[in-house]
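# Descriptive analysis of the structure
Read off the chains here:
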Amino acid sequence: MTGTPLRLLTGTIAGLVSLAVILLAPDRVFAGLTLVLLGWAAVEWFRLCGLAPCEIWPWALVTVAMAVGWQWGWPADQRVWLMIAAAVVWAFLFAAQLRYRHRQPPTRPFWQRRLTGLLILPLFWVALVDVQAAPHGEWLLVFGILVVVVADSLAYFAGRAFGRHKLAPMISPGKSMEGVAGGLAGVAVLAAIGAVLPLFAATPSWLLALWCVLVALASVGGDLEESRLKREAGAKDSGRILPGHGGVLDRLDGQFAAMPLWWLGLWQMQLMGG
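Throughout what follows, the structure given in this document is the object of discussion.

Turning our attention to helix α4 (residues 80-99). An ideal rise of 1.5 Å per residue puts 28 Å on 20 residues; α4 measures up with 28 Å between its terminal C-alpha atoms. For α4, every residue scored as buried is listed here: V80, L82, M83, A86, W90, L93 and Q97. All buried residues of α4 fall inside an arc of 150 degrees around its axis, so they share one side. Of the exposed residues in α4, the ones pointing more than 90 degrees away from its buried face are W81, F92 and R99. Contacts from the buried residues of α4 go to α3 (53-73), α5 (110-133), α8 (205-233) and α9 (248-268).

Core analysis: the largest hydrophobic core is formed by 71 residues, its most contacted members being V131, W262 and L266. For this core, the secondary-structure elements that each account for two or more residues are α2 (27-47), α3, α4, α5, α6 (137-162), α7 (177-195), α8 and α9. The element best represented in this core is α9, accounting for 12 residues. Among all residues touching L266, those that are not within four sequence positions of it are V131, L140, F200, L271 and M272.

Applying the stated criterion to the full structure yields 8 salt bridges. The salt bridge involving R108 is made with E232; its shortest N-O contact spans 2.9 Å. Note that R108 is positioned in the loop between α4 and α5 and E232 in helix α8, a separation of 124 residues in sequence. Residue classification places R108 among the buried residues on the basis of a relative accessible area of 7%. We classify E232 as buried; its relative accessible area is 15%. One salt-bridge network, held together by shared partners, links R108, R113, E225, R228 and E232.

With that settled, the discussion passes to a nonpolar patch on the surface. Together, W74, W81, I84, V88 and F92 give the surface a local cluster of nonpolar side chains, amounting to about 540 Å² of exposed area. With respect to the helices, strands and loops of the structure, V88 is situated in helix α4.

Here α8 crosses α9 at 150 degrees, and the two axes come no closer than 7 Å. Here α8 is positioned roughly antiparallel relative to α9, judged by the angle of their axes. Both α8 and α9 take part in a crossing whose hand is right-handed. Contacts between α8 and α9 pair L207, L208, W211, C212, L214, V215, A218, S219, G222, D223, E226 and K230 from the former with L249, D250, D253, G254, A257, A258, L261, W262, L264, G265 and Q268 from the latter. Partitioned by chemical class, the residues of the contact of α8 with α9 number 13 nonpolar, 5 polar and 5 charged.

We now examine the pairing of strand β2 (residues 172-176). Here 2 bridges tie strand β1 (residues 166-168) to β2, and the two strands are oriented antiparallel to one another. Paired with K166 across the bridge in β2 is S176. Here β1 folds back onto β2, and the loop between the two strands holds 3 residues.

A separate point is the side chain of E225. Tracing the chain through its elements places E225 in helix α8. In this structure E225 comes out as buried when scored by relative accessible area, which is 1%.

Another point: the packing of α4 against α9. In contact at an axis separation of 9 Å, α4 and α9 are set at 135 degrees when each is read in the N-to-C sense. In terms of axis orientation, α4 runs oblique to α9. Crossing geometry of α4 relative to α9 is assigned as left-handed. On the side of α4, the interface is formed by V80, M83, I84, A86, A87 and W90, while α9 contributes F256, A257, P260, L261, W263, L264 and W267. Tallied by class, residues from the contact of α4 with α9 come to 13 nonpolar, no polar and no charged.

Cut-offs and rules
Residues numbered from 1 in each chain as written. Predicted model: local features only at pLDDT ≥ 70, side-chain atom pairs only at ≥ 80, totals over all residues. Heavy atoms only, no water. Helix = DSSP H or I, 4+ residues; strand = E, 2+ residues; numbered from the N terminus. Expected span 1.5 Å × (residues − 1). Buried < 20%, exposed > 50% of the residue type's maximum accessible area, 1.4 Å probe, protein only. Arc of directions from axis to C-beta. Contact = heavy atoms within 4.5 Å. Core = buried A, V, L, I, M, F, W, Y, C linked by side-chain atoms within 4.5 Å. Salt bridge = Lys/Arg side-chain N within 4 Å of Asp/Glu carboxyl O. Patch = residues over 30% accessible without salt bridge, like charges linked within 9 Å, V, L, I, M, F, W, Y side chains within 5 Å. Areas by Shrake-Rupley, 256 points an atom, 1.4 Å probe, with all protein chains shown as cover. Axes fitted to C-alpha atoms, helices over the stretch in contact; angles between N-to-C directions. Parallel < 35°, antiparallel > 145°, perpendicular 65-115°, else oblique. Left-handed = near helix turned anticlockwise from the far one by under 90°. Nonpolar A, V, L, I, M, F, W, Y, C, P; charged D, E, K, R; others polar. Pairing = 2+ DSSP bridges.

What follows is the structure in structure tokens.
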């Protein structure tokens, strides 16, 4: 089995396993399993940063240690500053991507790519664990992940059907502005569905829709950042662990940027607790 059928099968299995872990695993088990996932993503990231095989694992371990340190060493009532920092980093990365929409972006120094990984990867995990541990957190996390999945899936189909104007052809030639618009339209429908759920009963519909759109846009930035990283490394995929999909980074690229922003949205909607 190859091509689209393999991709769909792998995606379905990965989605079901992820859903089971989110809904059924105790908080500590969830944190441990996702920490392993973070470590593997870090291995893939630093492999794309020009490190020798013997150097990759120390950098991945430092990434995991930073994530654990921020999660358990940073006061929970002040963690919003970590998420704001993550949002600022992603805003700068997204601005750089758009700056080079129509011309070849320069290859960034190795140190810059490594430092970027050390910042964004641990903050993604902190946001992920925090959301899952919040009141009704497992469902809030599922909804946040769905925002990215819907945006990405509908962008793909809308782009294939209507794509005429490329979003950032020198970074990711397959992405179009029509595709992004299609993804945002799907997210708007998802937000309308969420507005009638008990989960968001106390949240104004417009506020939920606003944060869903912002999270979806952030996921586009995450996707473009990983595409740029692979282009700088001359790689097609970040790894081979997921048949038909590539590596962990290839599946989580949008989530890396989206999850800290979803944390901020839930905090602003007063759904994070604590």
